[in-house]
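Chain residues, written in single-letter form:
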Amino acid sequence: MSIVEIILLGIGLSMDAFAVSICKGLSVQKLKPKHCLIAGLYFGGFQALMPLLGYFLGRQFEWLITNIDHWIAFVLLGIIGANMIKESFSPAEKLNNSFTPKEMLPLAVATSIDALAVGVTLAFLKTDIWSSVSIIGVTTFILSAIGVKIGNLFGAKFKSKAEFAGGAILILMGIKILLQHLGVINF
């Protein structure tokens, strides 16, 4: 995968965290820089950790599925993307204004589960995992910190659009991987 593709992947994966960060920003009366930093660290950290775990898991089973890895990437990214698009039409969940570990840890895990599956996909694509997880983590950190600020300023109107865009990006990446493997496209 190229650096542009990994950045797009990072943006797509970070949309759940971005949407939750917007909601967290909505819940805060007096926003402080530490709120943006905490959200960025939790969400960015877990978005980097989960694909790393998925990558090492995928490497363990690579020999079993090398011949169908492109189909697995296509299906996993398609399912994750479709689920994000579906969630973009769901009513907003009520979040409290706490940024404590008790509140942030479950949110960080929940928003990064899809990144675990993407990590498995990265193992099949022979991608440099360390640069990939770094880019994904930094991208999510930045977007989560910005999301808290946007939520505090503008409200919930961007949440569903962010989830929809993230889902569409992941689906398109899955289609691209499949078409490249089948020789239909060459970029």
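Each remark here, short or long, concerns the structure printed above.
The following refers to the structure shown. (Residues numbered from 1 in each chain as written. Predicted model: local features only at pLDDT ≥ 70, side-chain atom pairs only at ≥ 80, totals over all residues. Heavy atoms only, no water.)

With that out of the way, let us pick up the layout of surface pockets. Empty space within the second largest pocket amounts to approximately 160 Å³. Forming the boundary of the second largest pocket are ten residues, of which Met1, Leu125, Ile177, Gln180 and His181 lie nearest the centre. Considering every element that reaches the lining of the second largest pocket, the biggest residue donor is helix 7 (residues 159-181), with five residues. Here the lining of the second largest pocket is built from residues that sort into four nonpolar, three polar and three charged. (1 Å grid on protein atoms, 1.4 Å probe; cavity = no way out; pocket = protein on both sides within 12 Å on 5 of 7 lines; lining within 4 Å. Points joined across faces, edges and corners; volume = space filled by probe spheres on them. Helix = DSSP H or I, 4+ residues; strand = E, 2+ residues; numbered from the N terminus. Nonpolar A, V, L, I, M, F, W, Y, C, P; charged D, E, K, R; others polar.)

Taken as a whole, this structure holds one cavity of 30 Å³ or more when the rule is applied. In this structure, the largest cavity spans a volume of roughly 30 Å³. In terms of lining, the largest cavity is formed by Met1, Leu9, Leu77, Val118, Thr121, Leu122, Leu125 and Ile177. Residue contributions to the lining of the largest cavity peak at three residues, all from helix 5 (residues 101-124). Here the lining of the largest cavity is built from residues that sort into seven nonpolar, one polar and no charged.

What follows is about the environment of Phe89. For Phe89, the position within the fold is in the loop between helix 4 (69-88) and helix 5. Sequence-wise, Phe89 and Val109 are 20 residues apart; in three dimensions their C-alpha atoms are separated by 22 Å.

This paragraph deals with the packing of helix 1 (residues 3-27) against helix 6 (residues 129-154). At a closest axis distance of 7 Å, the pairing of helix 1 and helix 6 adopts a crossing angle of 30°. The orientation of helix 1 with respect to helix 6, classified from their angle, is roughly parallel. Helix 1 and helix 6 meet at a crossing whose hand is right-handed. Taken together, the residues of the contact of helix 1 with helix 6 sort by class into 17 nonpolar, eleven polar and no charged. (Axes fitted to C-alpha atoms, helices over the stretch in contact; angles between N-to-C directions. Parallel < 35°, antiparallel > 145°, perpendicular 65-115°, else oblique. Left-handed = near helix turned anticlockwise from the far one by under 90°.)

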